[in-house]
Amino acid sequence: MAIVLGPNQYGKAENRLVTVSRNGSVHTIKDLTVSTSLRGDLADTHLTGDNAKVLATDTQKNTVYAFAKEAPVGEIEDFALRLGRHFVSSQEAITGARVLIDEHGWERIDGHDHSFVRGSDEKRTTAVTIDGEQAWVVSGVRDLVVLKSTGSEFHGYPKDPYTTLKETNDRILATSVTARWRYVGTDVDWAKSFTEIRSIMLKTFADKHSLSLQQTLYAMGEAVLNTRPEVAEVRLSMPNKHHFLVDLSPFGLENDNEVFYAADRPYGLIEGSVLRDDAPDAGQAWSTLPTF
Ligand SMILES: O=c1[nH]c(=O)c2[nH]c(=O)[nH]c2[nH]1
């Protein structure tokens, strides 16, 4: 038996980067969390501690901040592609890079020039993978919390000895959407694509009469693929944020779908992928990302 080194990567995780760009007195901010990981000929450092091929994680961190000054950060996908390509092209031993960026949203306060309020916890995300000359982009959104107060049913499921759930023709449906979509290529108007994908997912959640969260998940992915040719595959992770009808009968009160207890756990976790059957090969697009 021999013991060998398996797949490995290393980098600086969760660099917090905030930039201010000034157009006269009007400021625009970008608030990012950037993680970089490098892959390549890195056996020596693992096997003998020889660091001749190890671009320090500290240097990777500094590169993130220097690149933010040297050119406008722009869209997160472009910034991630710039960083990833730089690491691979400038270090002979480094053959691959993975750059993950989360963008945290700030809204201008009442049209104010330089004051902002954090809108919600929602994050725009990207995961860029560089392998030699090739690049894959998977973008998405996290913590996009939505709720509909009707237009959702759940019934027709098997009843076994342990089933207590009551069938319903009218329930609250709420979830916190994590969506990732894999782009076919890299020649994309990233901002426009993101805005339109987010909007079509929200519209579908709202408009689709739901017989299960699974059905809603599929409809959301399908709507993205039907309208956005630049996308090959959508992966969705949607916790079912249960809202239970409170039993008010001890108080002599009827509860006609008006008073709910919002449980935070446990939650149903509904996850799935929707893709074109002729989608181009995913290459390394999803590697090391969570399945959903
Ligand atoms: O939309 C739903 N899907 C399920 O699989 C499920 N299971 C459950 O208890 N409630 C729900 N709701």
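What you see is a predicted model, and the numbers here were worked out from it, not measured in a lab. Every residue gets a number counted from 1 within its own chain, in the order that chain's sequence is written. Totals for whole chains, interfaces and linings use all residues, but because this is a predicted model, local features are given only for residues with pLDDT of at least 70 and pairs of side-chain atoms are given and counted only at 80 or more. Where side-chain values are given, they derive from all heavy atoms of the structure, hydrogens and water being excluded.

Caption draft 1: Seen up close, the sheet that holds strand β2 (residues 26–40). Note: two strands are recorded as paired if DSSP finds a minimum of 2 bridges between them. Here a helix means four or more residues in a row that DSSP labels H or I, a strand means two or more in a row labelled E, and each is numbered from the N terminus. Pairing is antiparallel across the open sheet formed by eight strands, whose spatial order is β1-β2-β3-β4-β5-β6-β7-β10. Pairing within the sheet leaves two strands with one partner each, and these edge strands are β1 (15–23) and β10 (268–275). Recorded for the sheet is a direction-independent mean angle of 20° between the axes of neighbouring strands. Direction of pairing for strand β3 (residues 94–108) relative to strand β4 (residues 116–131): antiparallel, over a ladder of 12 bridges. Helix axes use the C-alpha atoms of the stretch in contact, all axes being lines fitted to C-alpha atoms, and the angles between their N-to-C directions lie in the range 0 to 180 degrees.

Caption draft 2: Broad picture of the site of the ligand. Proximity criterion: a residue is near a molecule or strand once any of its heavy atoms comes within 4 Å of it. In the vicinity of the ligand, the residues found are Phe154, Leu165, Arg171, Ser212, Leu213, Gln214 and Asn240. Pairs of N or O atoms within 3.5 Å make up the polar contacts considered here, provided that, within protein, one atom can donate a hydrogen while the other can accept it, and that residues adjacent in sequence are counted only when both atoms are side-chain atoms. At 2.8 Å, a side-chain N or O of arginine 171 approaches an oxygen atom of the ligand. For the ligand, a nitrogen atom lies 3.3 Å from a polar atom in the side chain of asparagine 240. Burial of the ligand by the protein amounts to 72% of the accessible area it has alone, namely 290 Å². Cavity and pocket criteria rest on a 1 Å grid covering protein atoms alone: a 1.4 Å probe that fits but cannot get out defines a cavity, protein on both sides within 12 Å along at least 5 of 7 lines defines an open pocket, and an atom within 4 Å of a point defines a lining residue. To decide whether a molecule occupies a pocket or cavity, check its atoms: if more than half lie within 2 Å of the grid points, it is inside. Cavity membership is defined here by more than half of the atoms lying within 2 Å of grid points; on that basis the ligand lies in the largest pocket. When residues are grouped by polarity, Ala, Val, Leu, Ile, Met, Phe, Trp, Tyr, Cys and Pro land in nonpolar, Asp, Glu, Lys and Arg in charged, and all others, Gly among them, in polar. Among the residues making up the shell around the ligand, the classes are represented as three nonpolar, three polar and one charged. The accessible surface values rely on the Shrake-Rupley method and a 1.4 Å probe; as for residues, cover is taken only from the protein chains in view.

Caption draft 3: Representation of the pattern of salt bridges within the structure. Any carboxyl oxygen of Asp or Glu within 4 Å of a side-chain nitrogen of Lys or Arg constitutes a salt bridge here. Enumeration according to the criterion identifies 19 salt bridges in this entry. The shortest N-O distance in the salt bridge between aspartate 44 and lysine 53 comes to 3.6 Å. For aspartate 44, a relative accessible area of 30% corresponds to the partly exposed category. For lysine 53, a relative accessible area of 32% corresponds to the partly exposed category. Note that glutamate 77 and arginine 124 form a salt bridge whose closest N and O atoms lie 3.0 Å from each other. Here the term buried applies to any residue with accessible area under 20% of the maximum for its type, exposed to any over 50%, and partly exposed to those in between, with areas from a 1.4 Å probe on protein chains only.

Caption draft 4: Here's a closer look at the nonpolar core. Buried Ala, Val, Leu, Ile, Met, Phe, Trp, Tyr and Cys residues that are joined via side-chain atoms within 4.5 Å together make up what is termed a nonpolar core. Formed by 52 residues in total, the largest nonpolar core has its most connected members in Phe79, Trp181, Met201 and Leu236. Broken down by element, the residue count for this core peaks at seven residues, all from helix α3 (residues 76–90). Domain extents, as shown, originate in an automatic or database domain assignment. A domain split of this core shows at least three residues from each of domain 1 (1–132) and domain 2 (144–292). Any pair of residues with heavy atoms lying within 4.5 Å of one another is described as a contacting pair. The residues touching methionine 201, leaving out its near neighbours within four places in the chain, are Val141, Ala179, Trp181, Met220, Val224 and Leu236. Core analysis: the second largest hydrophobic core is formed by seven residues, Ala127, Trp136, Trp286 and Leu289 among them.

Caption draft 5: Looking closely at the environment of arginine 276. Here arginine 276 lies in the segment after β10. A C-alpha to C-alpha distance of 34 Å links arginine 276 and aspartate 31, two positions 245 residues apart in sequence. Once you skip the residues sitting within four places of it in the chain, arginine 276 turns out to touch Leu225, Arg228, Pro229, Val231 and Ala232.

Caption draft 6: Representation of unusual backbone geometry within the structure. With omega at -5°, the peptide bond leading from arginine 265 into proline 266 counts as cis. Its place among the elements puts proline 266 in the loop between β9 (260–262) and β10. We note that glutamate 14 has phi near 60°; this positive angle belongs to a residue other than glycine. Even without a glycine there, the phi angle at aspartate 110 is positive, about 45°. Residue placement: aspartate 110 occurs in the loop between β3 and β4. The class for aspartate 110 is exposed, based on a relative accessible area of 81%.

Purely spatial values, then, with no claim about function.
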